[in-house]
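A closer look at the structure
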Amino acid sequence: MRNPKPRRLNAGTVGAAVLGLIVLVTLLAPVLAPHDPLAQDLAHTNAAPGEHGYLLGTDQLGRDLLSRLLHGARTPLLVGVLAVLCGGVFGTALGLAAGFARGWLDQLLSRLTDIQLALPSILLALLVLSFGGRSTAVLVLVIALTGWPTYFRLVRSRVLALRTSEYVEASLTQGVPAWRVAVRDLLPGVRGLVAVTATLDLSRAVLMEAGLSYLGLGAQAPEADWGLMVSEGQGQLLSSWWIAVLPGLGLVALVISANLLGERLASRRRGATHLPTTATRTV
Amino acid sequence: MVRFVLRHLGLTLVAVWGALSAVFLVLHSSGNPAVMMAPVGADEDQIARLSHALGYDRPLAEQYVSFFGDVLRGDFPDSLTFQQSALHVVLERLPATLTLAGTALLIACVAAAAAGLWSGSREGGGARREWPMWLVFLAQSVPGFYIGVLLVWIFGVQLRWLPTSGSEGAGALLLPALTLACGVTPPLARVFRNSLRGELSRPYTRTGIALGMSRARVLRHAAHGSMLPTLTILGLEAGALLGGTVIIESVFSWPGVGQLVITALQNEDYPLVLADLTFLITAFVLVNLIVDLLYGLLDPRVRHASERS
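Residues numbered from 1 in each chain as written. Chains lettered and ligands numbered in written order. Predicted model: local features only at pLDDT ≥ 70, side-chain atom pairs only at ≥ 80, totals over all residues. Heavy atoms only, no water.

**Describing a nonpolar patch on the surface**
Residues and elements named next belong to chain A. Taken together, Val23, Leu24, Leu27, Leu28, Val31 and Leu32 make up a surface patch of nonpolar side chains, about 580 Å² in accessible area. Relative to the elements of secondary structure, Leu24 occurs in helix α1 (residues 5–32). Given the relative accessible area of 49%, Leu24 is considered partly exposed. (Patch = residues over 30% accessible without salt bridge, like charges linked within 9 Å, V, L, I, M, F, W, Y side chains within 5 Å. Areas by Shrake-Rupley, 256 points an atom, 1.4 Å probe, with all protein chains shown as cover. Salt bridge = Lys/Arg side-chain N within 4 Å of Asp/Glu carboxyl O. Helix = DSSP H or I, 4+ residues; strand = E, 2+ residues; numbered from the N terminus. Buried < 20%, exposed > 50% of the residue type's maximum accessible area, 1.4 Å probe, protein only.)

**Digging into the UniProt feature "domain: ABC transmembrane type-1" (unreviewed entry) in chain A**
As annotated by UniProt and renumbered to match this structure, "domain: ABC transmembrane type-1" (unreviewed entry) occupies residues 73–262 of chain A. What you have in residues 73–262 of chain A is 81% helix and 0% strand, and the ends, taken at the C-alpha atoms, are 19 Å apart. (UniProt positions renumbered as here; feature names shortened; annotations may be inferred.)

**Topic: the packing of aromatic side chains**
Enumeration over the complete set of coordinates arrives at 12 aromatic pairs over all chains. The structure contains a cluster of three or more aromatic residues connected by ring pairs, namely Phe24, Tyr64, Phe67 and Phe68 of chain B. (Phe/Tyr/Trp six-rings, centres within 6.5 Å; stacked < 30°, edge-to-face > 60°.)

**A few points about the interface of chain A and chain B**
Residue-level contacts link 46 residues of chain A with 60 residues of chain B. Here chain A meets chain B over a buried area of about 4300 Å², counting both sides, of which 75% is carbon and sulfur. Here chain A and chain B share one salt bridge between them. Salt-bridge contacts for Glu263 of chain A lead to Arg190 of chain B; the nearest nitrogen and oxygen are separated by 3.2 Å. The interface formed by chain A and chain B holds six residue pairs in polar contact (both at pLDDT 80 or more) in total. (Contact = heavy atoms within 4.5 Å. Buried area = accessible area lost by both parts, 1.4 Å probe. Polar contact = N/O pair within 3.5 Å; in protein donor to acceptor, adjacent residues only side chain to side chain.)

**What about the packing of helix α5 (residues 121–131) of chain A against helix α12 (residues 270–298) of chain B?**
Contact geometry of α5 of chain A with α12 of chain B gives a least axis separation of 11 Å together with a crossing angle of 160 degrees. If you check the angle between α5 of chain A and α12 of chain B, you find them roughly antiparallel. The handedness of the crossing between α5 of chain A and α12 of chain B comes out as left-handed. Judged by residue contacts, Leu123, Leu126, Leu127, Ser130 and Phe131 of chain A of α5 of chain A engage Tyr270, Val273, Leu274, Leu277, Leu280 and Ile281 of chain B from α12 of chain B. When grouped by side-chain class, the residues that make up the contact of α5 of chain A with α12 of chain B number 10 nonpolar, one polar and no charged. (Axes fitted to C-alpha atoms, helices over the stretch in contact; angles between N-to-C directions. Parallel < 35°, antiparallel > 145°, perpendicular 65-115°, else oblique. Left-handed = near helix turned anticlockwise from the far one by under 90°. Nonpolar A, V, L, I, M, F, W, Y, C, P; charged D, E, K, R; others polar.)

**Looking at the nonpolar core**
Residues Leu126, Phe131 and Leu212 of chain A together with Phe145 of chain B are the most contacted members of the largest nonpolar core, which totals 143 residues. Setting aside residues up to four positions removed in sequence, Phe145 of chain B forms contacts with Ala210, Gly211, Tyr214, Gly227, Val230 and Leu251 of chain A together with Ile247, Ile248 and Val251 of chain B. Residues Phe192, Leu196, Ala222 and Ala223 of chain B belong to the second largest nonpolar core, which totals five residues. (Core = buried A, V, L, I, M, F, W, Y, C linked by side-chain atoms within 4.5 Å.)

**Remarks on the UniProt feature "transmembrane region" (unreviewed entry) in chain A**
Residue and element names in this part refer to chain A. As annotated in UniProt, the feature "transmembrane region" (unreviewed entry) corresponds to residues 12–33, 77–101, 122–148 and 241–261 in the numbering used here. Each end of residues 77–101 is marked by a C-alpha atom, and these two atoms are 35 Å apart; helix forms 100% of the span and strand 0%. A helix fraction of 78% and a strand fraction of 0% characterise residues 122–148, whose end C-alpha atoms lie 14 Å from each other.

Shown next as structure tokens:
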């Protein structure tokens, strides 16, 4: 067996650093951006990078691409983080309850996740976005909805193992109420597991937001959003490749860094528990 | 075997019931679905008439029961843009989707086998052995639509080798199939590589080598042993494949079932959206059933394990 530790450490650190950089740049975008991301300069549409003082050129409406790129991660990050939080909290809470209470609650929730995991998440998302309305809140909910079963399954199986351990038995025999045992004894035991899962889930959530925005079901024009920008630029590939190609690079950097960090965290914990590897792409 | 089949049929029925209930729930979540099903700009009178014609004014419980019957009969409201049975429009697009998915699956299998063999059978470590797995990691981290856009830009716009969209000829199939395969290959390649490495470290491999068996023959035995876990993943990939078609078909304007949903959404043709999504979801559950049954047929252990539980 090889010993890949040194390189993996680097990959994880690089992932964390790039992710941090993207978050920082997104937060500072209003200060860093040389132009308003929505301001149109119709005299200089489709300007090539460097032309007319636009460092990365302009898009089909003459909007500064650099400014739009700097702002473009806001929606994927915001929607992604919120969706991961919602799905993570929901899945963890239910997994905790199901693993701790067992019985009919466990049966019911487990069957529910079985059914949901049997359906491709993109179809579920399309269904909700078609008939349930389209807004950022719905987008967050839909991505959270397709993510919670992963947390549920992992937390549930971990709790099933933990609840037979002596310290949990001790608390229960002393008459500590069940909810307190769940929160004070079991929750700390699944915290690390949930953190790792959430990191990998972030890349899934970002990919899904980008895919739905590309299809026109996520972020709406004229907003600067990497997925939407790729879709808007696709028609201009023949004359101005940068409009579609550059925002996509941002997406790739974001997803790769989240995946690298997640895999690094997961590989440190693997062995003790079953963890997912790189988030499977659904879009 | 009979019990195995019955058990899976039962699970599938539950899944279909759950999926259709979800469709029903979402459909009615906004109040009266007729508001969406009516053509754009319809007045209240028209909506009321449509609502009555489609039975949306009946009690919910009654609608819920008849919804299942309608779906099973393929009875959906007519498509607004095509002025004909929505299911008919969907089924017309099916061959294009199957062609695309089939080709993508074929490419993915070949690519996964090559990557898995390369990385799984090599001694030592480092880049020489692992580079296919890095490609796999990359393919997994790049959004499918972006791979599509990049391929169009490189092969369609810059090199002008292949058409950028449409479905004319075999050339038009290559880019969308390649893009779709990028989403399917990674899990396959990973599992094949890992189980190949597992097989190669087992005693029978050592015995084979000690007996002077050729490297190719040892590999063949190990690959045979790695087939089962890889086939399982292949079955699970049906979802990624189907989900992928929705986006990839849209990238390349490939006239399949997936692109139909998106164009129907853009045209606000909600009856067509409903029929298409219901069809895709049901088809997916049924494909899963077939995969499960085949898997049980191939491997008696699966059958018996499920009968014991």
